Amino acid sequence: KAQKFCRTYGSLERRVSMSDILALSSLLQPSEGSSAGTSTQPVVTPATFGPPKSKPKARKDPKAIWDPAEVPYADEIEAPRDDRPVPQFYMFYKQDVDAGDVFLGTSDKTPGSQDCTHLVYKVFFPDAKGAQELELDVKKQRLVAESSSLRLDTFLPMPVDSENGKAQWDAAKKCLCVTLPILLDEL
């Protein structure tokens, strides 16, 4: 029957002999010098599968209290106390979409904030007579808009490109509209 099996399937080139089985058995048994509880072979568990886990990076200064990345920038530190009230403001997310996105759903964009490209702030200054009375300062994570009687100083929910932002004054509504592109690379 063994010869018939070899001819039919062709995958066995020779029969397995008893010496082959004993050699395989000796490979699978622990060595005589080691006890049954300790093995030199690695233990295979579900946690050992996959790429090796990276070890946490060691700090450069062992006496450091915090990492330099944890120290806020100068523009992230809160300004001195200002008693001016906060103006009414609204924050919106803006997304660049085309007809294919809206009607056909041809892209992978979702209505969520993770696919938005701009932050829009609308700040109302009812006592301002014009844009020349307002002061606007935009940093990567902070927006400060103020008039002589009102001051908005707020942290931004996402990092923005402050150099390419756009501000527009609507005299009829007494509203300052600030549109800031989100730095999607830094999310």
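Coordinates for the structure precede this section.
A. Geometry of the overall build of the protein chain. When you go through the protein chain residue by residue, the secondary structure sums to three helices and seven strands. Overall, the protein chain shows an N-to-C arrangement of helices and strands of α-α-β-α-β-β-β-β-β-β. Here the protein chain, with 187 residues, has 20% of them falling under the buried criterion. Here the contacts in the protein chain between residues at least 6 apart in sequence split such that 56% fall between residues at least 24 apart.

B. Quick look at the packing of aromatic side chains. Per the counting criterion, the structure on display carries three aromatic pairs. A centroid spacing of 6.0 Å and a plane angle of 85° characterise the contact between tyrosine 90 and phenylalanine 124, whose relative ring orientation is edge-to-face. Placement of tyrosine 90 in strand S1 (residues 89-94) and of phenylalanine 124 in strand S2 (residues 118-124) is noted, with a sequence separation of 34 residues between them. Exposure remark for tyrosine 90: the relative accessible area of 40% places this residue in the partly exposed category. Members of the aromatic cluster, each reached through a chain of ring pairs, are Tyr90, Phe92 and Phe124. Just above the ring of phenylalanine 155 sits the side chain of arginine 142; from NZ or CZ to the centre is 5.0 Å.

C. Spotlight on the sheet that holds strand S7 (residues 175-181). One open sheet holds the four strands; their spatial order is S1-S2-S7-S6, and the pairing between them is antiparallel. Here the strands that pair on one side only, and so sit at the sheet edges, are S1 and strand S6 (166-170). Within the sheet, the average angular offset between the axes of one strand and its neighbour, ignoring direction, is 15°. Relative to S7, S2 runs antiparallel, the two being bridged by seven bridges. Directly across from valine 123, in S7, lies its bridge partner leucine 176.

D. Representation of the pattern of salt bridges within the structure. Evaluated as defined, the whole model comprises eight salt bridges. The partner of arginine 84 in a salt bridge is aspartate 82, with the nearest N and O atoms 2.7 Å apart. For arginine 84, a relative accessible area of 24% corresponds to the partly exposed category. Looking at aspartate 82, the relative accessible area reads 26%, which means it is partly exposed. The closest approach of N and O atoms between aspartate 82 and arginine 151, which form a salt bridge, is 3.6 Å. Taken together, the residues aspartate 82 in the loop between helix H2 (18-28) and S1 and arginine 151 in strand S5 (residues 151-155) connect sequence positions 69 residues apart. What you see here is one network of salt bridges that share partners, running through Asp82, Arg84, Arg142, Glu146, Arg151 and Asp153.

E. Local environment of the sheet that holds strand S3 (residues 135-138). In space, the three strands of this open sheet follow the order S3-S4-S5, with antiparallel pairing throughout. For this open sheet the edge positions go to S3 and S5, each flanked by a neighbour on one side alone. For this sheet, the mean angle separating the axes of adjacent strands, direction not counted, is 5°. Looking at chain direction, S3 and strand S4 (residues 142-146) are connected through four bridges and run antiparallel. Its bridge partner lying in S4, glutamate 135 is registered against glutamate 146.

F. Expanded view of the side chain of histidine 118. Residue placement: histidine 118 occurs in strand S2. Accessibility expressed as a relative area gives 17% for histidine 118, which makes it buried. Polar side-chain contacts of histidine 118 include one of 2.9 Å to the side chain of threonine 117.

G. Inspection of the state of the cysteines at higher detail. Evaluation of the coordinates by the stated rule reveals zero disulfides. Its sulfur unpaired, cysteine 175 is 6.1 Å from the next cysteine sulfur, which belongs to cysteine 177. Given a relative accessible area of 5%, cysteine 175 falls into the buried group.

Rules and cut-offs
Residues numbered from 1 in each chain as written. Predicted model: local features only at pLDDT ≥ 70, side-chain atom pairs only at ≥ 80, totals over all residues. Heavy atoms only, no water. Helix = DSSP H or I, 4+ residues; strand = E, 2+ residues; numbered from the N terminus. Buried < 20%, exposed > 50% of the residue type's maximum accessible area, 1.4 Å probe, protein only. Contact = heavy atoms within 4.5 Å. Phe/Tyr/Trp six-rings, centres within 6.5 Å; stacked < 30°, edge-to-face > 60°. Lys NZ or Arg CZ within 6 Å of the ring centre and 35° of its normal. Pairing = 2+ DSSP bridges. Axes fitted to C-alpha atoms, helices over the stretch in contact; angles between N-to-C directions. Salt bridge = Lys/Arg side-chain N within 4 Å of Asp/Glu carboxyl O. Polar contact = N/O pair within 3.5 Å; in protein donor to acceptor, adjacent residues only side chain to side chain. Disulfide = S-S within 2.5 Å.

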